[in-house]
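Close look at the chain arrangement
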Amino acid sequence: MDDQTLQNTFTISVVIIVLLNYINMGCAVDMNVVRGVLRKPIAPSIGFISQYAFMPLVSYLVGYFLLSNEPVHFWFGLFAFGISPGGSASNMWTLVLGGNLNLSLAMTFLSTFSALFMIPLWLFTLGTQIMGMGKDSTFKVPYRRISEMLFGMAFFLGIGLLFQRYLPRVARVCRRILAPVSTMMIIFIVIFGTYAYWSLVKKMTLRMIMAAALNVWFGFAMGMALAYTLKFAKADQLAIMVETGVQNTGISIMIIRLALQSPASDLATLLPVAASLMTPIPLTILWIIRKFTGCEANSLVTLEEKEEEVARINDGDNAVSGFSSCKIVSDPRTSNGHTILANGDTEKYSRFNEGFNTSSSSTNNSPNDHISNQA
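Residues numbered from 1 in each chain as written. Predicted model: local features only at pLDDT ≥ 70, side-chain atom pairs only at ≥ 80, totals over all residues. Heavy atoms only, no water.

**Observations concerning the overall build of the protein**
Broken down by element type, the protein carries 17 helices and 2 strands. Taken as a whole, the protein presents about 17,000 Å² of accessible surface, with 64% of it coming from carbon and sulfur. (Helix = DSSP H or I, 4+ residues; strand = E, 2+ residues; numbered from the N terminus. Areas by Shrake-Rupley, 256 points an atom, 1.4 Å probe, with all protein chains shown as cover.)

Here is the structure:
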């Protein structure tokens, strides 16, 4: 199998499994939370600033200092990656790391929609400076590809929401398999992607790898710094961090293909590919740290399941899956919708009002008191 066929096979397989996994995410997402996020879009606004102000400037500056002595298409390749919206892999990484999936999905959709006007803005400003072209350059924006992504994401999430409403048992199964399926998908994408693009990987120089890594890792650091400074809950910090650093490689490659001719377009593609290979490294390290410190996310919990757990606790069953080491904390800046709860993290974003947790203090109140506090 030649390289182009292998790469096309990889792309098609990733698109299929990502879209199918959006059905599982639709079964887990809470539209009350999403609507609350959109009514008070503080976190999405931070994500937008990180995504479309910080990341393009970082990619431009990193390219200037590390790639300006290389052929100009390498610099443009990195810049195309920096101006792309958040990728669908951000939702899977957010889930695996125990972040706020509802927030992540809302940010991904808004980021992809914003790409319709933010990509042209950056292409015809800094992009023209990189390529040495005027305002009448022949840059093309992949509007069709972006629109297809928006439609696909909304369609398959909608199927999951329909399962929630009309097939609750199926939705519960989808929620329970979401975390392990997402983990396996990440492993598949990393391994198969490296193999599919190995012919390009062998052409990468150390300077290219450093530029790609710095671009992505600065994005993670900036997203986390902003979210931490504004005192978001830890689950929201993780979602904002991941959404900032994980870019849509497919969109960036499409921008390159539309802007440059072969072989320059083929060589410029090295930078998005290198960046996509550097993306999992800090996230994997963070996952390992959280796993071995007892903070990994291993449970998706809905309101009905929470109420069942309250009843079990009242019956004396304290070894409850998903609650045994979690402290549930409310966040006044988020809506009162239910959310995903990560086991082991003591500062998770939650629907419950203050006072509802599984510590010893919960035995001082009846489960009816706890449930009534949610009203």
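**Notes on a nonpolar patch on the surface**
A surface patch of nonpolar side chains, about 370 Å² in accessible area, is lined by F48, I49, F113 and F117. Where the nonpolar patch is concerned, the elements lending two or more residues are α3 (42-67) and α6 (101-131). Position of F48 among the secondary structure elements: in helix α3. The class for F48 is partly exposed, based on a relative accessible area of 32%. (Patch = residues over 30% accessible without salt bridge, like charges linked within 9 Å, V, L, I, M, F, W, Y side chains within 5 Å. Salt bridge = Lys/Arg side-chain N within 4 Å of Asp/Glu carboxyl O. Buried < 20%, exposed > 50% of the residue type's maximum accessible area, 1.4 Å probe, protein only.)

**Some words on the nonpolar core**
The biggest cluster of nonpolar side chains holds 89 residues, and the ones touching the most others in it are F76 and I119. The dominant element in this core, judged by the number of residues it contributes, is α6, at 13 residues. Those residues within four positions of I119 in sequence are excluded, and the remaining contacts are I83, P85, V141, I146, I251 and I255. (Core = buried A, V, L, I, M, F, W, Y, C linked by side-chain atoms within 4.5 Å. Contact = heavy atoms within 4.5 Å.)

**Regarding the state of the cysteines**
Overall, the coordinates contain 0 disulfides when judged by the stated rule. Looking at C27, it has no disulfide partner, and the nearest cysteine sulfur is the one in C174, 3.9 Å off. The exposure class assigned to C27 is buried, which follows from its relative accessible area of 1%. The exposure class assigned to C174 is buried, which follows from its relative accessible area of 9%. (Disulfide = S-S within 2.5 Å.)

**Notes on the packing of aromatic side chains**
Using the criterion set out here, one finds 10 aromatic pairs in the structure. Look at F10 and Y197: their rings are 6.1 Å apart centre to centre, the planes differ by 85°, and that puts the pair in the edge-to-face class. In this pair, F10 sits in helix α1 (residues 3-28) while Y197 sits in the loop between α8 (168-196) and α9 (198-201), placing the two residues 187 residues apart along the sequence. For the residue pair F10 and Y197, the accessibility class agrees, reading buried in each case. Taking the centre distance of 5.2 Å and the plane angle of 85° together, the rings of Y64 and F65 count as edge-to-face. Residue class for F65 comes out exposed when judged on its relative accessible area of 61%. Through a chain of ring-to-ring contacts, three or more aromatic side chains come together here, namely Y60, Y64, F65, W75 and F79. (Phe/Tyr/Trp six-rings, centres within 6.5 Å; stacked < 30°, edge-to-face > 60°.)

**A word on unusual backbone geometry**
If you check the backbone angles, K231 has positive phi at about 60° while not being a glycine. By the secondary structure assignment, K231 is in the loop between α10 (206-229) and α11 (234-245). Overall, K231 belongs to the exposed group, its relative accessible area being 64%.

**Points about the packing of α11 against helix α15 (residues 280-292)**
Packing of α11 against α15 brings their axes to within 12 Å, and their N-to-C directions diverge by 160°. With respect to their mutual orientation, α11 and α15 come out roughly antiparallel. Between α11 and α15 lies a crossing of left-handed hand. Between α11 and α15, the residues in contact are L238, M241 and V242 and L283, L286 and R290, respectively. Its residues placed into classes, the contact of α11 with α15 shows 5 nonpolar, no polar and 1 charged. (Axes fitted to C-alpha atoms, helices over the stretch in contact; angles between N-to-C directions. Parallel < 35°, antiparallel > 145°, perpendicular 65-115°, else oblique. Left-handed = near helix turned anticlockwise from the far one by under 90°. Nonpolar A, V, L, I, M, F, W, Y, C, P; charged D, E, K, R; others polar.)

**Some thoughts on α8**
If you look at α8, its biggest bend is around 45°, right at L178, and the proline P180 turns up within four residues after that. Residues of α8 that are buried include every one of A171, C174, R175, L178, A179, S182, M185, I186, F192, G193 and A196, and no others. (Bend = angle between axes of the 7 residues up to and from the residue.)

**Digging into the pattern of salt bridges**
Pairing is possible between side chains of opposite charge, provided their charged atoms come close. Counting across every chain of the model gives 2 salt bridges. Across the pair R144 and E148 runs a salt bridge whose closest N-O atoms are separated by 3.2 Å. Remark: E148 and R144 occur in helix α7 (residues 143-166); sequence separation between them is 4 residues, near one turn of the helix. On the accessibility criterion, R144 (67% relative accessible area) is exposed. Exposure remark for E148: the relative accessible area of 43% places this residue in the partly exposed category.

**A few points about the side chain of Q51**
Mapped onto the fold, Q51 is located in helix α3. In contact with Q51, other than residues within four places in its own chain, are P56, G82, S84, P85, G86, S111, E243, T244 and Q247.

**What to know about the side chain of Q247**
Relative to the elements of secondary structure, Q247 occurs in the loop between α11 and α12 (249-259). Polar contacts involving the side chain of Q247 include one to the side chain of Q51, which spans 2.5 Å. Those residues in contact with Q247 that lie beyond four places of it in its chain are Q51, M55, F81, G82, S84, P85, G86 and G87. (Polar contact = N/O pair within 3.5 Å; in protein donor to acceptor, adjacent residues only side chain to side chain.)

**Considering helix α2 (residues 31-39)**
Every buried residue of α2 is listed here: V33, V34, G36 and V37. On an axial view of α2, the arc spanned by its buried residues comes to 160°, and they lie on one face. The N-terminus of α2 is capped by D30, whose side-chain oxygen sits 2.8 Å from the backbone nitrogen of N32. (Arc of directions from axis to C-beta.)

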